[in-house]
Amino acid sequence: MPHLLKDNLNSRYFEAANRMTSKKARRRIVAYVESYDDVYFWRTVLDSLEDDTRYFEVMLPSKDNLLRGKKSVLMNFVGKLVGPDMIACVDADYDYLLQGATDQSRKVLDNPYVFHTYVYAIENYQCYAPSLHSVCVSVTLNDHRIFDFTDFFSRYSEILFPLFVWSVMLYRNGHHPQFSLSDFNRISDLGGFNVQDPERSLNHMRRKVGVKIRELQQLFPDAKETYLALKEEIKALGVTPQTTYLYIQGHHLFDAVISPMLGKVCNMLRQERQNEIYHASARRVQKHNEMSCYENSLQDIKVMLKKNTGYMMSPPFHRVQEDIRRYLSSQ
């Protein structure tokens, strides 16, 4: 008997438990997620969907072992344990865009009790461009807008979009070994990003994208019609040329693109604030105390990114909530 079934941690168990409670008690719906970081994200999704008749409890796949991740959630629950009172909440990865081309994509898209992020992963939400200035403010306590993140990532995305279509196409037809996600990540890396001259990084990436597209066109000379059709399909699925960054590999975006960029922006903002304190008309002791107070208030960039909830204004986030609303209304 599977361990989880032995522990009665299945949808029927929670349905029975809900029936046994008082009619005035709220219905409990368990939401299984991939990892510790996912608990907080999915709580922000589910918070506003609770009312006086129901509440959600966000949980990891198992309390008794350390198996984590999307495959653990899907293997343990989909088709066996999920149901009206137990749902699975996972990162979309490429499964949403593959639209059933693989077994895992079908598991994610076809089960009414599985919900996904639409964007690649929760890290993409944490890196939502319109919210990044607020992250910088939380890190540095300096509200001076010295960089336009929204404009930059719109242009960044426009450059990557044609290559992104190639990536999805090759994963759909099984040719991804010729152009893996790791290959894509190397091209989408900004390299030596300069806050005062971001165009240099974009131009460098534009050249890398052009070289790779020409290489793929030579490798797959008959792919033009398939490519053009898929490009329109991807747009219909919600990916625009200006939002491609939300659909690339989340860990790469978080660790290799956004975090280093924010590090450079925040360093400038810190220096600016420190210069203000240093040049202020005040006694040396007062300046020293002010500087110590400021430096003790500074926060870690990655910690603040993980706490960032500015993504709650984004269209994909609203789509996730709407999917869960439909599920709730059908019960």
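Residues numbered from 1 in each chain as written. Predicted model: local features only at pLDDT ≥ 70, side-chain atom pairs only at ≥ 80, totals over all residues. Heavy atoms only, no water.

## Looking at helix α16 (residues 315-329)
No. 1: The end-to-end C-alpha distance of α16 is 21 Å, a good match for the 21 Å that 15 residues give at a rise of 1.5 Å each.
No. 2: When we look at burial in α16, the residues that qualify are P316, F317, V320, Q321, D323, I324, Y327 and L328. One side of α16 carries all its buried residues, which in axial view fall inside an arc of 150°. Of the exposed residues in α16, the ones pointing more than 90 degrees away from its buried face are P315 and S329. (Helix = DSSP H or I, 4+ residues; strand = E, 2+ residues; numbered from the N terminus. Expected span 1.5 Å × (residues − 1). Buried < 20%, exposed > 50% of the residue type's maximum accessible area, 1.4 Å probe, protein only. Arc of directions from axis to C-beta.)

## Quick word on the side chain of D91
No. 1: Inspection of the secondary structure puts D91 in the loop between β3 (86-90) and α5 (95-98).
No. 2: Looking at D91, the relative accessible area reads 9%, which means it is buried.
No. 3: Within the local environment of D91, its side chain forms a polar contact with the backbone nitrogen of I122, the two atoms lying 3.2 Å apart.
No. 4: Sequence-distant contacts of D91, that is, excluding residues within four places in its chain, are made with E34, D38, K70, H116, T117, Y120, A121 and I122. (Polar contact = N/O pair within 3.5 Å; in protein donor to acceptor, adjacent residues only side chain to side chain. Contact = heavy atoms within 4.5 Å.)

## Some words on the nonpolar core
When a protein is soluble and globular, its nonpolar side chains tend to lie buried together.
No. 1: Core analysis: the largest hydrophobic core is formed by 89 residues, its most contacted members being W42, F153, Y156, F164 and I324.
No. 2: Here the element with the most residues in this core is helix α9 (residues 149-172); it accounts for 15 residues.
No. 3: If near-sequence neighbours (up to four positions away) are discounted, Y156 is found in contact with S188, L190, L202, M205, Y245, I248 and V257. (Core = buried A, V, L, I, M, F, W, Y, C linked by side-chain atoms within 4.5 Å.)

## Re the pairing of β3
No. 1: Within β3, five of the five residues are buried, leaving the element largely enclosed by the surrounding structure.
No. 2: Inspection of the sheet shows strand β1 (residues 27-32) paired to β3 by three bridges, in the parallel sense. Each residue of the ladder has a partner; that of A31, found in β3, is I87. (Pairing = 2+ DSSP bridges.)

## Brief notes about the packing of aromatic side chains
No. 1: For the coordinates displayed, the defined rule picks out 25 aromatic pairs.
No. 2: Ring geometry for F41 versus F317: centroids 6.2 Å apart, planes at 80°, classification edge-to-face. Of this pair, F41 sits in helix α3 (residues 36-46) while F317 sits in helix α16, and the two are 276 residues apart along the sequence. Of the two residues, F41 and F317, neither departs from the other in class, the shared state being buried.
No. 3: Ring centres 5.4 Å apart and planes at 90° place the aromatic pair Y94 and Y171 in the edge-to-face group. Placement of Y94 in the loop between β3 and α5 and of Y171 in helix α9 is noted, with a sequence separation of 77 residues between them.
No. 4: Using a relative accessible area of 5% as the deciding quantity, one classes Y94 as buried.
No. 5: For Y171, a relative accessible area of 19% gives the class buried. (Phe/Tyr/Trp six-rings, centres within 6.5 Å; stacked < 30°, edge-to-face > 60°.)

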